[in-house]
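Structure assessment
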Amino acid sequence: AQSVTQLDSQVPVFEEAPVELRCNYSSSVSVYLFWYVQYPNQGLQLLLKYLSGSTLVKGINGFEAEFNKSQTSFHLRKPSVHISDTAEYFCAVSPLSEKLVFGKGTKLTVNP
Amino acid sequence: EPEVTQTPSHQVTQMGQEVILRCVPISNHLYFYWYRQILGQKVEFLVSFYNNEISEKSEIFDDQFSVERPDGSNFTLKIRSTKLEDSAMYFCASSPSGGPYEQYFGPGTRLTVT
């Protein structure tokens, strides 16, 4: 079975500061890795994904994530956040099947 | 931009009642999914559906649950006899290609069972 741990339930930062949202996973098989974002009253939107190849993955809105197999991590980063990045962020893995296995989410609040 | 829509946004029902949650996937998508998120917990996979058949389901998806594509545009989740623990946000998703690669999610239906 797979599981995803997002260590921080809430992350407050100031505008233009860098941010890192942490994600660790466990799996006995190879997985694909994803980050989704949910803005208020909207559905989950795919930010980026790692399927294979380069371990540094770039996504939408200036976000990037790095897959670290030895540490089983897939942390999400942005060098300079905006107020509009305030949202909930979900890390997910897939054991090469139809389903996504999600973490509990991290609420990012960007303050002026 | 096309999007997945879900109705209603909030449904309140009494324990033991049947509920049907409705979703309109993106029009050229062929794969459909339901997930749920109990308050304060993780988003959990329920079921995937392709070519009018369930392709994968979780252990949560027991005989109380069923899915249907009654026409060319809707995708529904039925809960036959709701329990208090069915209270959750239910997300529908669709994908053009199957697998986990590109699932597009709706805004969710909040189900409250009293």
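Now for a look at the structure at hand.

Calculation notes
- Residues numbered from 1 in each chain as written.
- Chains lettered and ligands numbered in written order.
- Predicted model: local features only at pLDDT ≥ 70, side-chain atom pairs only at ≥ 80, totals over all residues.
- Heavy atoms only, no water.
- Core = buried A, V, L, I, M, F, W, Y, C linked by side-chain atoms within 4.5 Å.
- Buried < 20%, exposed > 50% of the residue type's maximum accessible area, 1.4 Å probe, protein only.
- Helix = DSSP H or I, 4+ residues; strand = E, 2+ residues; numbered from the N terminus.
- Contact = heavy atoms within 4.5 Å.
- Buried area = accessible area lost by both parts, 1.4 Å probe.
- Salt bridge = Lys/Arg side-chain N within 4 Å of Asp/Glu carboxyl O.
- Polar contact = N/O pair within 3.5 Å; in protein donor to acceptor, adjacent residues only side chain to side chain.
- Disulfide = S-S within 2.5 Å.
- Pairing = 2+ DSSP bridges.

In this structure, Leu33, Trp35, Leu47, Leu48, Phe74, Leu76 and Tyr89 of chain A are the most contacted members of the largest nonpolar core, which totals 29 residues. Of all the elements in the fold, those that place two or more residues in this core are β2 (10-14), β3 (19-21), β5 (32-38), β6 (44-50), β8 (64-68), β9 (73-78), β10 (87-94) and β12 (106-111) of chain A. Among the elements that line this core, the one with the most residues is β10 of chain A, at four residues. Contact partners of Phe74 of chain A, with chain neighbours within four places excluded, come to Cys23, Leu33, Phe34, Trp35, Leu48, Tyr50, Ala65, Glu66 and Phe67 of chain A. In this structure, Cys23, Ile26, Trp34 and Phe75 of chain B belong to the second largest nonpolar core, which totals 23 residues.

This part covers the interface of chain A and chain B. Taken residue by residue, the interface counts 21 residues in chain A and 21 residues in chain B. Both faces combined, the contact of chain A with chain B buries some 1700 Å², and carbon together with sulfur accounts for 58% of it. For the pair chain A and chain B, the interface holds zero salt bridges. The set of elements that each furnish at least two residues to the side of chain A that touches chain B consists of β5, β6 and β10 of chain A. Ranked by residue count, the leading element in the side of chain A that touches chain B is β5 of chain A, at four residues.

Our focus in this paragraph is the environment of Tyr35 of chain B. Relative to the helices and strands, Tyr35 of chain B is located in strand β4 (residues 31-37). By relative accessible area, Tyr35 of chain B is classed as buried at 0%. A sequence separation of 55 residues divides Tyr35 of chain B from Tyr90 of chain B, and the C-alpha atoms of the two residues are 5.8 Å apart. At a separation of 3.1 Å, a polar atom in the side chain of Tyr35 of chain B contacts the main-chain amide nitrogen of Leu100 of chain A. A distance of 2.8 Å separates the side chain of Tyr35 of chain B from the side chain of Gln103 of chain B, its partner in a polar contact.

Residue and element names in this part refer to chain A. Within this structure, the stated rule accounts for two disulfides over all chains. The side chain of Cys23 participates in a disulfide bridge whose partner is Cys91; the two sulfur atoms lie 1.9 Å from each other. Disulfide Cys23 to Cys91: torsion about the S-S bond roughly -65°, handedness left-handed. Taken together, the residues Cys23 in the loop between β3 and β4 (24-26) and Cys91 in strand β10 connect sequence positions 68 residues apart.

Residues and elements named next belong to chain A. Across the seven residues of β5, seven count as buried, placing the element largely inside the fold. Across the two faces of β5 the burial is the same, with Tyr32, Phe34, Tyr36 and Gln38 and Leu33, Trp35 and Val37 all buried. The pairing of β5 with β10 spans seven bridges and is antiparallel. The residue of β10 that forms the bridge with Trp35 is Cys91. Two elements, β5 and β6, share six bridges in a ladder whose sense is antiparallel.

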